[in-house]
Structure formats: C-alpha cells, structure tokens
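Here's the letter readout for the chains.
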Amino acid sequence: MSDYIKEVNDQNFGEEVLKSEGPVLVDFWAEWCGPCRQLAPTLEAVAKQYEGRARIVKLNVDDSGLTAQRYGVRGIPTLILFKDGNEQERIVGVTGKDNIGRVIEKHASQPVEA
C-alpha cells in the first residue's frame, strides 16, 4: 500500500483493527471507485500526520465483502473509525483532510514519546 497505510482483509480485520490498542481508521474502498482514488492522497497525508497516534488501513470491499457487509457499508468510500474494537464514527463519501483530522483527534491519544 504505502509507508503509512496498511491493507487489511476479512482474515486479519479482527487482529489488525478490532484488537488494536489505539484508534484505527478503516477506508472501505475498491479499485474501480473513482472517489476512492480521489481520497487516497488525502488519507496518505492524514496517515503521515497522525503516525504514532492513530493508524489508517484500507479494506478492499471486492476482496473482503464479509467485513464490509458486517458493518453495513453500502457506498464507498466509507471511512469508519474504530477504537477498543467498536465503531466510533463514520464518514461516507469524499471528505477533506481537516474533517478526517477532527474525527481522529476526538479519539487519538497524545503522541508516544521515543
């Protein structure tokens, strides 16, 4: 995927998202989805900005339909923020970096000091 965004699927969603210690923003997307491709650079910038405070992962709905169905994803792109194994917030459609940042800020802890 990228240096900042990891791909997840039906098989590893529980481990990578639901059991994660901090907030995880899941991008439900597909290759053929123009708005999903339009959102990708924004997500990359957000992932870089929040590195160490929140994770961003992508789930391809064509390859992992069970997870998309489980969370009632009807349109893409859909962004769902999970924390402590539970859905906290949802954004449907293309949105800006500031809006995504506000959602993450509500649930992210302070950066981890090295």
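Residues numbered from 1 in each chain as written. Predicted model: local features only at pLDDT ≥ 70, side-chain atom pairs only at ≥ 80, totals over all residues. Heavy atoms only, no water.

Participant: I keep staring at the pattern of salt bridges and nothing clicks. Help me out?
Facilitator: Opposite charge on two side chains permits them to pair, given that their charged atoms come into close proximity. Enumeration according to the criterion identifies seven salt bridges in this entry. Of the charged contacts, one joins Glu-16 and Lys-6 as a salt bridge, the two residues approaching to 2.9 Å between their closest N and O atoms. Separated by ten residues along the polypeptide, Glu-16 in helix H1 (residues 13-18) and Lys-6 in strand S1 (residues 5-8) bring together distant segments of the chain. Given a relative accessible area of 18%, Glu-16 falls into the buried group. Put simply, Lys-106 and Glu-89 hold a salt bridge, and the shortest N to O gap is 3.0 Å. Of this pair, Lys-106 sits in helix H4 (residues 97-107) while Glu-89 sits in strand S5 (residues 86-92), and the two are 17 residues apart along the sequence. Residue Glu-89 is classed as buried on the basis of its relative accessible area, which comes to 18%. (Salt bridge = Lys/Arg side-chain N within 4 Å of Asp/Glu carboxyl O. Helix = DSSP H or I, 4+ residues; strand = E, 2+ residues; numbered from the N terminus. Buried < 20%, exposed > 50% of the residue type's maximum accessible area, 1.4 Å probe, protein only.)

Participant: Looking at this structure, I do not really get the packing of aromatic side chains. What am I missing?
Facilitator: Any aromatic ring pair is given by two values, namely how distant the centres are and how the planes are angled relative to each other. This model, assessed by the stated rule, comprises three aromatic pairs. Considering the side-chain rings of Phe-13 and Phe-82, the 5.5 Å spacing of their centres and the 80° angle between planes classify their relative orientation as edge-to-face. Note that Phe-13 is positioned in helix H1 and Phe-82 in strand S4 (residues 78-83), a separation of 69 residues in sequence. Residue classification places Phe-13 among the buried positions, given a relative accessible area of 0%. Ring centres of Tyr-71 and Phe-82 lie 5.0 Å apart, and the angle between their planes is 80°; this geometry places the pair in the edge-to-face category. Note that Tyr-71 is positioned in the loop between helix H3 (65-70) and S4 and Phe-82 in strand S4, a separation of eleven residues in sequence. The exposure classification of Tyr-71 matches that of Phe-82, with both residues buried. Feature note: the residues Phe-13, Tyr-71 and Phe-82 constitute an aromatic cluster, connected by ring pairs. Here the basic side chain of Lys-58 rests over the ring of Trp-29, its NZ or CZ set 5.1 Å away from the ring centre. (Phe/Tyr/Trp six-rings, centres within 6.5 Å; stacked < 30°, edge-to-face > 60°. Lys NZ or Arg CZ within 6 Å of the ring centre and 35° of its normal.)

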